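A look at the structure
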Amino acid sequence: MHVEGIVTVAMIDLHCHILPGIDDGSTDADEACALARALVADGVTAVAATPHLREDHPAVRLGELAESCRTLNTSLAAAGVSLTVIPGAEVDLLWALQASPEDLQLATYGQMGRYLLLETPYGPLPDTFERMVFESLTSRGLTVLLAHPERSGSFQRNPSRLTDLAARGVLLQVTAPALVSTDRRSGSRRLALWILERRLAHALASDSHGGMDGRPPNLSAARQAAAAIDPAYAEWLVSEAPAAVLAGEPLPAAPADKAVPSQRFRLPWRRR
Ligand SMILES: [Fe+2]
């Protein structure tokens, strides 16, 4: 299949609430299977199951995640759905601050103890947010992948905080619905484009929740939107970089940025 003149490869989705009945994602096995079919139809071959590790989702139990993924993989194979589900989690910062090293390892991608998906808090981010990330996670040897930073009003008002986080080794995961939004005034869409045009993103992901969220997985559409900025970078965001995360390996170098800086997308409140 060709998109924007380049050969596309299988996609990997690093953020999905596919495990049934434990958080606000798929409600049961049938819904998980339907979501898996929709992911495959969209071009995804592997997905990380990232249920919320958060106080308001007590049914998410770390010790059960790997077995839940095995069970889902078995039922998907029996149903003829070619999708591999890998354990992960979407970690709340308050949870992380109190977690043991063993629990943090179980929350990482593939439970390998390397990459951790951290949920960007929804409220105003205190000035201490960055310090908490580094002291509670980075200093413990984990590489943080920050989920949907584009939704944060604090980052929208002060995107240089993301530049600083990325410069200090935090990876950024932009979520597909922000990129494919048709609302040109959307702060999430604007910041998602700002992040991509500065090559600050390290992954695109669907953050799909199954039937209850009312929207199908749209990672391919997000990849196409990113390809308008740079086709090679778009491929890297959905294949090479997430593959390295799931393998627990260093990220490969991103394609060179050939954009002219003056043509980059600007946030409206930065215009003069
Ligand atoms: Fe999520």
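Just so we're clear, the structure is a prediction, and the values are computed from it rather than from any experiment.

Focus: the packing of helix α10 (residues 219-227) against helix α11 (residues 231-247)
Contact geometry of α10 with α11 gives a least axis separation of 7 Å together with a crossing angle of 150 degrees. Once α10 is placed against α11, the crossing between them reads as right-handed. Contacts between α10 and α11 involve Leu219, Arg223, Ala226 and Ala227 on the former and, on the latter, Pro231, Ala234, Glu235 and Val238. Counted by class, the contact of α10 with α11 contains six nonpolar, no polar and two charged residues.

A short note on the confidence of the model for the protein
When pLDDT is averaged along the protein, the result is 91; 90% of the residues meet or exceed 70. Between residues 1-7, whose pLDDT stays under 50, and residues either more than four places distant or in other chains, the model counts 14 contacts.

Here's the deal with the nonpolar core
Judged by nonpolar contacts, the single largest core of 69 residues is most densely connected at Ile18, Leu83 and Leu204. Among all residues touching leucine 83, those that are not within four sequence positions of it are Ile18, Ala36, Leu39, Val40, Val44, Thr45, Ala46, Val47, Asn73 and Leu76. Core analysis: the next-biggest nonpolar cluster, separate from the first, contains 14 residues, Leu171, Ala203, Val245 and Leu246 among them.

Notes on the coordination of the iron ion
By definition of the ideal shapes, a tetrahedral metal site with four donors has angles of 109.5 degrees and an octahedral site with six donors has angles of 90 or 180 degrees. The iron ion binds to the protein through His15 (NE2), His17 (NE2), Glu90 (OE) and Asp207 (OD), with metal-donor distances spanning 2.1 to 2.3 Å. Around the iron ion, the four donor atoms are arranged such that angles at the metal cover 80 to 169 degrees; this shape is classified as irregular.

Examining helix α1 (residues 29-42)
Between its terminal C-alpha atoms α1 stretches 20 Å, which fits the 20 Å expected from 14 residues at 1.5 Å a residue. Of all the residues in α1, the buried ones are Glu31, Ala32, Cys33, Leu35, Ala36, Leu39 and Asp42. Close packing links the buried residues of α1 with β3 (11-16), β4 (44-49), α2 (62-78) and α10. The distance from a side-chain oxygen at the start of α1 to the backbone nitrogen of aspartate 30 is 3.3 Å, and the residue carrying that oxygen is aspartate 28. Immediately beyond the C-terminal end of α1, within one or two residues, lies glycine 43, with a positive phi of roughly 110 degrees.

Let's talk about unusual backbone geometry
With phi around 55 degrees, arginine 199 is a residue other than glycine that occupies positive phi space. Tracing the sequence through the fold places arginine 199 in the loop between α9 (187-197) and β11 (203-205).

Reading the values: the criteria
Residues numbered from 1 in each chain as written. Predicted model: local features only at pLDDT ≥ 70, side-chain atom pairs only at ≥ 80, totals over all residues. Heavy atoms only, no water. Axes fitted to C-alpha atoms, helices over the stretch in contact; angles between N-to-C directions. Helix = DSSP H or I, 4+ residues; strand = E, 2+ residues; numbered from the N terminus. Left-handed = near helix turned anticlockwise from the far one by under 90°. Contact = heavy atoms within 4.5 Å. Nonpolar A, V, L, I, M, F, W, Y, C, P; charged D, E, K, R; others polar. pLDDT = per-residue confidence, 0-100. Core = buried A, V, L, I, M, F, W, Y, C linked by side-chain atoms within 4.5 Å. Buried < 20%, exposed > 50% of the residue type's maximum accessible area, 1.4 Å probe, protein only. Donors = N, O, S within 2.8 Å, 3.2 Å for Na, K, Ca; no water. Tetrahedral: all angles 85-135°; square planar, octahedral: opposite > 155°, others 65-115°. Expected span 1.5 Å × (residues − 1). Polar contact = N/O pair within 3.5 Å; in protein donor to acceptor, adjacent residues only side chain to side chain.

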